[in-house]
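Residue-level listing of the chains:
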4 protein chains.
Amino acid sequence: MSKILERADVIKPHEFFVAAGPCAIESKEQYFGVSRALKVMGVGVLRSQLWKPRSSGKSFQGLGLDSLYMLARIKEETGMIITTEIVDKDHIAPTRGVVDVPWVGSRNMQNYELLKALAKDDRPVILKRGYGATIKEWIEAADYIGSERVILCERGIRSGTDSTRFTLDLNGALVAMYDKGMPVIGDPSHTTGRRDLVPALTRSIVAAGLNGIVVEVHNDPQHALCDADQQITPEIFKRVLEECRAIHQLISSGLNN
Amino acid sequence: MSKILERADVIKPHEFFVAAGPCAIESKEQYFGVSRALKVMGVGVLRSQLWKPRSSGKSFQGLGLDSLYMLARIKEETGMIITTEIVDKDHIAPTRGVVDVPWVGSRNMQNYELLKALAKDDRPVILKRGYGATIKEWIEAADYIGSERVILCERGIRSGTDSTRFTLDLNGALVAMYDKGMPVIGDPSHTTGRRDLVPALTRSIVAAGLNGIVVEVHNDPQHALCDADQQITPEIFKRVLEECRAIHQLISSGLNN
Amino acid sequence: MSKILERADVIKPHEFFVAAGPCAIESKEQYFGVSRALKVMGVGVLRSQLWKPRSSGKSFQGLGLDSLYMLARIKEETGMIITTEIVDKDHIAPTRGVVDVPWVGSRNMQNYELLKALAKDDRPVILKRGYGATIKEWIEAADYIGSERVILCERGIRSGTDSTRFTLDLNGALVAMYDKGMPVIGDPSHTTGRRDLVPALTRSIVAAGLNGIVVEVHNDPQHALCDADQQITPEIFKRVLEECRAIHQLISSGLNN
Amino acid sequence: MSKILERADVIKPHEFFVAAGPCAIESKEQYFGVSRALKVMGVGVLRSQLWKPRSSGKSFQGLGLDSLYMLARIKEETGMIITTEIVDKDHIAPTRGVVDVPWVGSRNMQNYELLKALAKDDRPVILKRGYGATIKEWIEAADYIGSERVILCERGIRSGTDSTRFTLDLNGALVAMYDKGMPVIGDPSHTTGRRDLVPALTRSIVAAGLNGIVVEVHNDPQHALCDADQQITPEIFKRVLEECRAIHQLISSGLNN
């Protein structure tokens, strides 16, 4: 594991990375509510989305830079690590000091100008896999940023046989881990578009031995401004997280020792 | 769960189905050796392949009907449930009394004449998913046989981003389970073509809550006549199986009770 | 080009192969009507489907062997070459003398028992590409039959970005032609499921230089028992065929000679 | 057809759009040489790539803004319409007055910040399809820019059965044309990575009735700094273009009039 990531307290040996939070920040009340609930259950990293890339320009686009102060506030209050999707190179500088771990979304995985701009930053970066990208293209995109600072995130690929929005590709995630020695986490929420599948897929990610999870958690999923069908409540996430911790311990300890 | 499957002692409530065995039966020595090792670790179902459909006609095609007696012998000795791939309707009748659970391979999932012939049989049938098939097509294929007798088996789909031979599609497997109420098991071996990925994927199948696993186990994988790169040894399988049993218990018991 | 195919008068140098006919034979009246219309416009090969493999067992399955006499009758009357999908090895022998060119459908491309049985026949065989098959798997399937007797038929692959039922893969068809030297024809009807796209795709197949086309033509597409949305009328086909002949001549002659 | 595109003299009724040029501008000599050869054969639009998005950061990245003057020079000399890939919103303003038609590449199709910035420009824009994008996503991306200014460009999708780099998806291109009424052109070069397939695919695009083609042409393909395997020489392009013009005329005139 890269020293940079360890020093940043993001990916630690013998632990798995847990990031959670709403699909997008919709209001102070919603964001603070979910964040505090997650803090209580020991979640270390807070998914805090200001900009929301949407297939359609008519969909909710996020609150934007004006709401950065909310991230600063909750960070101070809870001490959680803040991760936020960066969609434009102009947002790299203003988020410094608040956003600990910028992330690059699936649709920007091959936005090379953004990757090159992030190469000049020094924070750890989560790089989501393009939904049509090969492992080779994913690794090469990480190299643009500087692979020793990158945490890869598998979030589902598009296949011709999809019964859900995307297909979680654990095979590919394991190949990136095993062959490249890079940390890889999994996002069970975006692969499905169905909240009833999220607990099972979250457990499968941890059981496969990936380095962590990023899960969409919302206090009132039915009324969420985006991804209403795939977010789970803090209550459900709490139970899933306990199962995952038990699975992680079981795997890490090695049953036969 | 269908009464037929329960009665056949194949899929039981509160247990997960464990099938294992070599990719193909190569010799009496090889087959008996692996089978006995699997029996000792409590494996209930023996993968016993007589016919091996191969992309190339020049590859090893299996020992065929002449070796059916080996299956009868090991069945008598161990009491294990025997599962064998059926590639031709002419093999349905001769295997009765020995093969408890015929299975239909990925390449024959839409061989409707074979499915119609199996509809006249009364055994449980494992139906592997075609590697290019949608969930709808898979379910419709099961209906040809009679879905109350069918155990679905996810074995990997082909996608444009494959870094391995196929991609294990847990999303699709869960949709078939949740939406159709059918038993679904997973095959971690054929999805990868890489034995180092098999333990992780096997655990992910069980953690996702599927009804069982089918794993290729060979006493000497390096010298196997087929799928040499993806079979694991009985020693490695033993360790994986213990992890899986612990994960299954953990999930079934419900942590919060 | 293989001598066998030339002798069978199926694939000739300097000509392109034109096969057409309804998706399935529904009645003597329908079949004879379409066939005579096609004969008049110079179509050499008659698509005459007795068995219709369907994703769902509840869909129309074809009239079967009982209607083989209709094929014999129209063959005698028109002198057209008869091509019929064979879905079971038991149908190979009974169709001899009537069906000149058996074809293997997409779903049976890797039904190796059927391919091995066809290997013992001596007729030319059209081998449709499995909708999830690579070019390598397609060629290996042809080798099971005997590649010097096989005409490959591209009929569309499944991809994650499909806006139509399948995607016509001209790239793959050309690779099979150029690298393997095998005759390759294209089916514009099954790729789309939309009759308004059929003329454009038919022209594209001919302009790419493939060896021929197989098109679904029905006198009353709206009331067809299968593929109602993708069959075109004889009137529309006549116009497309004229365009295709002109394109073929234009390409074959070489503009710069 | 949109008035904006007609006024810009880019997409005209009864004509098909022909853009060609090298994969990237490598030197003044190379660029001017190819451009003049293309001018002579009546090519109206010059592919003039300054920035070259590459999967690997170690590959040639293009000459950049410093070479914009070359585009101005050749434009003045030949009167050709200049099209250039824009990879960053900062390049929109500086290219005004020289680049007539900015284009957005496949990897940036969902780089929404770039699309939003282009929405404030008034030039026609070529929007290449993301290699993993559905038609719906492609159209929604065009809407970000303003669909009445957009020319869609099909350049190949990634599928699990690819025998070439990508698969030219004429089905999808036709759906975009027929259902949305937008102009759609095709790029035969990027779909294949094999120059021997380019002539056949170029003809297939024109025969399908798409609105135009964009072809990579290089005076010395073997020594090109990028896409060395897929560029064709001016000599070969000349012949293909003649075939395409004849096919276009044949289709447009309507054989039966």
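Above: the structure in question.
These numbers were taken from a predicted model, which means no experiment stands behind them.

With that settled, consider the side chain of Q230 of chain D. Residues and elements named next belong to chain D. You can see Q230 is positioned in the loop between β8 (212-216) and α8 (234-253). Residue Q230 is classed as buried on the basis of its relative accessible area of 1%. Polar contacts involving the side chain of Q230 include one to the side chain of E216, which spans 3.2 Å. A polar atom in the side chain of Q230 sits 2.8 Å from the side chain of D227.

All names here are of chain B. Tracing the backbone through its elements, the reader meets V10 in the loop between α1 (3-7) and β1 (17-21). By relative accessible area, V10 is classed as buried at 7%. The spatial distance from the C-alpha of V10 to the C-alpha of A176 is 19 Å, given a sequence separation of 166 residues. The residues touching V10, leaving out its near neighbours within four places in the chain, are L5, F17, I81, V101, P124 and I151.

Take the relation of the copies chain B and chain C next. Of the transformation placing chain B onto chain C, the axial shift is 0.0 Å and the rotation is 180°, giving an RMSD of 0.0 Å. The transformation relating the two chain copies, once decomposed into turn and shift, fits a two-fold axis. Considering only C-alpha atoms, the part of chain B nearest the rotation axis is G132 of chain B, at 2.4 Å. By residue overlap, the copies meet face to face through one surface: 100% of the interface positions of chain B are interface positions in chain C.

For the rest of this paragraph, the subject is the sheet that holds strand β1 (residues 17-21) of chain C. Residue and element names in this part refer to chain C. Strands sit in the order β1-β2-β3-β4-β5-β6-β7-β8 around a closed barrel of eight strands; the barrel is parallel. For this sheet the average axis-to-axis angle between neighbouring strands, irrespective of direction, equals 25°. With two bridges joining them, strand β7 (residues 184-186) and strand β8 (residues 212-216) adopt parallel strand pairing. Among the inter-strand pairings, I185 is bridged to a residue of β8, identified as G212. Set on the sheet, helix α7 (residues 198-207) makes contact with β7 and β8; between it and β8 the angle comes to about 165°.

On to the state of the cysteines, then. Under the criterion given, the structure shown has three disulfides over all chains. Sulfur-sulfur distance for the disulfide between C23 of chain A and C226 of chain A comes to 2.5 Å. Classification of the bridge connecting C23 of chain A and C226 of chain A rests on its S-S torsion, roughly -125°, and on that basis the disulfide is left-handed. One end of the pair, C23 of chain A, is in the loop between β1 (17-21) and α2 (28-40); the other, C226 of chain A, is in the loop between β8 (212-216) and α8 (234-253), and 203 residues separate them in sequence. In terms of burial, C23 of chain A and C226 of chain A fall into one category: buried. Here C153 of chain D is not cross-linked by a disulfide; its sulfur's nearest cysteine counterpart is in C23 of chain D, at 14 Å.

In this section: unusual backbone geometry. Backbone geometry at D227 of chain C places phi at a positive 50°, although glycine is not the residue there. Among the residues examined, D227 of chain C registers a relative accessible area of 17% and is labelled buried.

With that settled, the discussion passes to the packing of helix α6 (residues 170-180) of chain C against helix α7 (residues 198-207) of chain D. Remark: α6 of chain C packs on α7 of chain D, axes separated minimally by 11 Å, with the N-to-C direction vectors making an angle of 140°. Every pair of crossing elements has a handedness; the one defined by α6 of chain C and α7 of chain D is right-handed. Between α6 of chain C and α7 of chain D, the contacting residues are L170, N171, L174 and Y178 of chain C on the first element and A200, L201 and S204 of chain D on the second. Of the residues in the contact of α6 of chain C with α7 of chain D, the class split is five nonpolar, two polar and no charged.

So, on to the interface of chain B and chain C. If you look at the interface, chain B gives 26 residues, while chain C gives 26 residues. For the pair chain B and chain C, the summed buried area comes to about 2,300 Å², and 37% of that belongs to carbon and sulfur atoms. Summed over the three residues of chain B that lose the most area to chain C, namely S55, Q110 and Y144 of chain B, the buried surface amounts to 20% of that side. Where chain B packs against chain C, one counts six salt bridges. We note a salt bridge from E137 of chain B to R158 of chain C, for which the minimum N-O separation is 2.6 Å. On inspection of chain B and its partner chain C, the count reaches 24 residue pairs in polar contact (both at pLDDT 80 or more).

Moving on: helix α8 (residues 234-253) of chain C. Counted at 1.5 Å a residue, the expected span for α8 of chain C with its 20 residues is 28 Å, and the 28 Å between its end C-alpha atoms agrees. Every buried residue of α8 of chain C is accounted for by P234, F237, V240, L241, E243, C244, I247, H248, L250 and I251 of chain C. Buried residues along α8 of chain C sit against β1, α2 (28-40), α7 and β8 of chain C together with α7 and α8 of chain D.

Residues and elements named next belong to chain D. Ordered in space as β1-β2-β3-β4-β5-β6-β7-β8, the eight strands form a closed barrel in which the pairing is parallel. Direction aside, neighbouring strands of the sheet carry axes that sit 25° apart on average. Seen against the sheet, helix α2 (residues 28-40) touches β1 (17-21), β2 (45-47) and β3 (81-85) and runs at an angle of roughly 150° to β2.

This next bit is on the interface of chain A and chain B. Listed by partner, the interface residues are 44 residues for chain A and 44 residues for chain B. Taken together, the two surfaces of chain A and chain B that pack against each other cover about 3,400 Å², and 61% of this comes from carbon and sulfur. Linking chain A with chain B are two salt bridges. Measuring nitrogen to oxygen at the nearest pair gives 2.9 Å for the salt bridge that ties D179 of chain A to R194 of chain B. Where chain A touches chain B, the interface holds 13 residue pairs in polar contact (both at pLDDT 80 or more). Those elements that provide at least two residues to the side of chain A that touches chain B are α6 (170-180), α7 (198-207) and α8 of chain A. Classifying every residue of the side of chain A that touches chain B by side-chain character gives 20 nonpolar, 15 polar and nine charged.

Rules of the game
- Residues numbered from 1 in each chain as written.
- Chains lettered and ligands numbered in written order.
- Predicted model: local features only at pLDDT ≥ 70, side-chain atom pairs only at ≥ 80, totals over all residues.
- Heavy atoms only, no water.
- Helix = DSSP H or I, 4+ residues; strand = E, 2+ residues; numbered from the N terminus.
- Buried < 20%, exposed > 50% of the residue type's maximum accessible area, 1.4 Å probe, protein only.
- Polar contact = N/O pair within 3.5 Å; in protein donor to acceptor, adjacent residues only side chain to side chain.
- Contact = heavy atoms within 4.5 Å.
- Least-squares fit on C-alpha atoms with pLDDT ≥ 70 in both.
- Pairing = 2+ DSSP bridges.
- Axes fitted to C-alpha atoms, helices over the stretch in contact; angles between N-to-C directions.
- Disulfide = S-S within 2.5 Å.
- Left-handed = near helix turned anticlockwise from the far one by under 90°.
- Nonpolar A, V, L, I, M, F, W, Y, C, P; charged D, E, K, R; others polar.
- Buried area = accessible area lost by both parts, 1.4 Å probe.
- Salt bridge = Lys/Arg side-chain N within 4 Å of Asp/Glu carboxyl O.
- Expected span 1.5 Å × (residues − 1).

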